[in-house]
Every structure is written in C-alpha cells, then in structure tokens.
Amino acid sequence: MIHRKWTKDNLLFGDDTANEGLSINLSESGSEPGRSRATVSLAPIAGTTDLTFRTMCRRFGSDSGCTELVSARGIAFQGSVDGSMRYLRIDPDAEGPCAIQLFGHDATDFSRAIPLILRHPELSGARWIDLNMGCPVPKVVKTGAGAALMKDIPRAADIITASVRAAEPFGVPVSVKFRKGWDDECINAVKFAKMCADSGACAITLHARTREQMYRGKADWSVIAEAAEALRGSGVKVIGNGDVRDGESAERMLRETGADGVAVGRAAMGNPWVFSDIRGYLEGAPSRRSPTPRERADLIFEHLDGLTGLLGEDCAMKEMRSQIAHYLKGRHKAAECRAEAVRARSVHEIRDIIEKWVLAAESDRTDDRDR
Ligand SMILES: Cc1cc2nc3c(=O)[nH]c(=O)nc-3n(C[C@H](O)[C@H](O)[C@H](O)COP(=O)(O)O)c2cc1C
C-alpha cells in the first residue's frame, strides 16, 4: 500500500478556510452521520475553464477548480512545461485550490512530466494532480489515453502508481477522473474506482455516463452511489459528476449517492452564478435571482480582460466568441449580439457590441426573468 502524506481532509479540496461557509450537514439530510462537508467544484472544460473563469467561479462559491486536460507526453517529450503553459497556468491566491489535469497513455510520461510541473515556480502551488481517464474524444482515445484506459485497467493502474510516486516528494496528491464505463457492455466504474484507491489516488471524480454516450443522455447516478459505497472508509473522496445544474440537483446528487461532493461542468459555462445558487440551496437559503444584463455584461468584460491579459488580444477574442454565446444563451437578442461579436475585430468593438446589447436588454424587461 502506498503511503500518503496528505490526509483526506487537508489537501484535496482545500483546507477549512477553503471550504469555509460551504458545508452542508449530510447527517441532517438523512445521510451518513459524521460527514458534514460536501464540496462543490468546477469540472474541467477544455476551452472554457481557464484561469480567469475559474477565478470568477471561485468568487461565486466554487470550492476548487482544475485546468483542462494537458498532455503528459507533450511535457515529457519537451522536457519543459513552457509549450503547455497557456493551459497549465494557475493562481491559487486568486482562484483558490486548483488541480492540474494530465492525460496520456504511458506511465513514463507521467513520471517525467509531474516533477517538471511541480518544480516550476508558477505551478508548484497546484493543490493536486488530476489524471484524465474519461475523455471520450476520438483524437485522445485512439492513442490509448482518456476513456480508453477504462478498457485497460492494468495500464491505468500503472499510470496512477507512477503519478503518485512522482508527486509524493512534493507532498502533492493525485486524483482520477473517469466515467461509468466504456459502453453498455462494459460498465466497470466500481472496479475502476477500487483500482484507483489501491493505486494510491486520493480522490475520484466519476462522470456517470459511458464513453459511448459522450455528453448525451442522462447521467446514471446509481454508479456514483455504488462507487461511494465501495470506497467508504478508504479515505478516498468520491466526487459525483454529470447533470448537476443547480442547487436542487446538487443536493439531490449528494443525497442519492452519498458522494463527498459534486463537480459542475456545462451548467457553469457562461454561468458562474450557478455556484452561488448551489451554495445558497445547500445552506438552506435559496435565492435564485437571474443576473441583470449589466451584471452579465460586467462578467463578460472581466472574462474578456482576463483572457486578453493571459493570451493577448487576438487569441482572447477568438476564445471569447464561444464564451459570449454561453453568457447570452436564451437572452434577449442573443443571436444578433453573437453574430456581431463574431465579426468584431478588436476587444474594443466587442465591448461596444455588448454595451449595445445591455441597452437593448434593459429596455426589454422580460430579460430580467429566467428563460
Ligand atoms: C466542451 C467540453 C470540454 C471538456 N473538457 C474536459 C477536460 O478537459 N477534462 C475533463 O476531465 N473533462 C472535460 N469535460 C467533461 C466535464 O468535465 C464533465 O465531466 C462533463 O461535462 C459532465 O458534467 P456535466 O453534466 O456537469 O456537464 C469536458 C466537457 C465538455 C462539454
């Protein structure tokens, strides 16, 4: 058994300060006595959960965040993190506890990449390393990485063991994110969860869909309940993922599965407010108020400015086009605004377009209501 330096409550999703104010009493909600804190994290979403967005989510109540998936091979091959820095960048002072997520198919790549990351002055603050074993994208899966590892448990175990060994000297734990299984013929999340625990992982995030489902259909929370039951008493945290959209669904997932926390993915896109909604609901003070057009615009500007600082104007504009679509989804005149934003040639022009949208939306009183 691998020795863990961290303890189950101190490292993974932040210490007591990190979780301050975000506790629900599961014993009161009919769950296991003695368990009193559930974490609500932002799930990694490539192209969305950049440092600026994670920082905004943190402000609205997310307990922790994670970078999008980064290739362990890319870092190992270059012998440097420099080429991946755009995706690896973290700022724990601003965004709170954050993990760096790696994907790959070869344990040696992880053994090489992890020390390079954790020795780097800007990345040494990573609270933990997360291993992606759930990505369904053909480009990743065909290399034997991501969800393909659910079909090769010995290889997945080697990668986790090697990663735990590589991160241990830095006092940094390792978690694993995976799925319900490959397809309906191969549903092996519980076996996979036990393997993660035996290989030294500190936590698992379980997305309750198969690889075949990609992001379609309903997440099957019963597999999260089974995994939580199987790992109970092991000290390994179980984070449930899939279809948490608001306070009500977060509370229901926690109650129905006995998971230690939830991770919110698509519901956070263009909607960092979802964390205050969830937080309020779990604390027994639901107060869902739809953001005003002005508040919405201010967050778009904050995201745009943050990305401009990180990536430069051209790149930030490209990234923000799809993000603006998420922020305005279902809103008054969203389609026109999106179409104009796509044609914009500067950050200045995007700001003007959004300001124009605010004026139009404010004059349309229906935009203050949820749609
Ligand atoms: C566009 C997109 C990109 C994603 N990128 C990642 C990623 O980089 N790493 C990862 O582990 N999961 C990734 N995911 C999966 C999410 O983290 C999450 O598991 C999934 O969306 C299910 O949660 P949800 O129902 O709350 O959205 C991505 C999902 C989407 C839709």
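These figures come from a predicted structure and were not determined experimentally. (Residues numbered from 1 in each chain as written. Predicted model: local features only at pLDDT ≥ 70, side-chain atom pairs only at ≥ 80, totals over all residues.)

Caption draft 1: Seen up close, the overall build of the chain. A tally of regular secondary structure across the chain gives 16 helices and nine strands. For the chain, buried positions account for 48% of its 371 residues. For the chain, the proportion of contacts with a sequence separation of at least 24, taken over those separated by at least 6, is 70%. (Helix = DSSP H or I, 4+ residues; strand = E, 2+ residues; numbered from the N terminus. Buried ≥ 20, exposed ≤ 12 C-beta atoms within 10 Å, placed from the backbone. Contact = placed C-beta atoms within 7 Å.)

Caption draft 2: Spatial organisation of the site of the ligand. Ala43, Ala46, Glu68, Gly265 and Arg266 are the nearest of the 21 residues found near the ligand. Residue classes in the shell around the ligand are distributed as ten nonpolar, seven polar and four charged. (Near = placed C-beta within 6 Å. Nonpolar A, V, L, I, M, F, W, Y, C, P; charged D, E, K, R; others polar.)

Caption draft 3: Seen up close, the environment of Ala43. Checked against the element boundaries, Ala43 lands in the loop between β1 (39-42) and α2 (51-59). For the pair formed by Ala43 and Val264, sequence separation is 221 residues and the distance between their alpha carbons is 5.3 Å. Not counting residues up to four positions away in its chain, the partners in contact with Ala43 are Asn241, Ala263, Val264 and Gly265.

Caption draft 4: Looking closely at the pairing of strand β9 (residues 261-264). Burial along β9 is two-sided: the residues Gly261 and Ala263 and Val262 and Val264 are all buried. Examined bridge by bridge, β1 and β9 share four bridges and lie parallel to one another. What sits directly across from Leu42, in β9, is Val264. Across three bridges, the pairing between strand β8 (residues 237-241) and β9 is parallel. Bridge pairing in β9 places Ile239 opposite Gly261. Regarding topology, helix α11 (residues 247-257) serves as the crossover connection from β8 to the parallel β9, and that connection is right-handed. (Pairing = 2+ DSSP bridges. Right-handed = clockwise from strand over helix to strand, strands pointing away.)

Caption draft 5: Structural view of the pairing of β8. Burial analysis of β8 places five of its five residues in the buried class, the great majority of the element. The alternating pattern of β8 places Lys237, Ile239 and Asn241 and Val238 and Gly240 on opposite faces, both of which are buried. Pairing of strand β7 (residues 203-210) with β8, which is carried by five bridges, proceeds in the parallel orientation. Looking at the pairing, Ala203 lines up with Lys237 of β8. The handedness of the β7 to β8 crossover, carried by helix α10 (residues 221-231), is right-handed.

Caption draft 6: Broad picture of the environment of Ala335. For Ala335, the location among the structural elements is in helix α15 (residues 334-343). Residues Ala335 and Ala325, spaced ten residues apart in sequence, show a C-alpha to C-alpha distance of 8.1 Å.

Caption draft 7: Local environment of the environment of Ala360. When you line up the elements, Ala360 lands in helix α16 (residues 347-363). As a C-alpha pair, Ala360 and Lys333 span 27 residues in sequence and 7.9 Å in three-dimensional space. Residues contacting Ala360, with those up to four places away along its chain left out, are His332 and Lys333.

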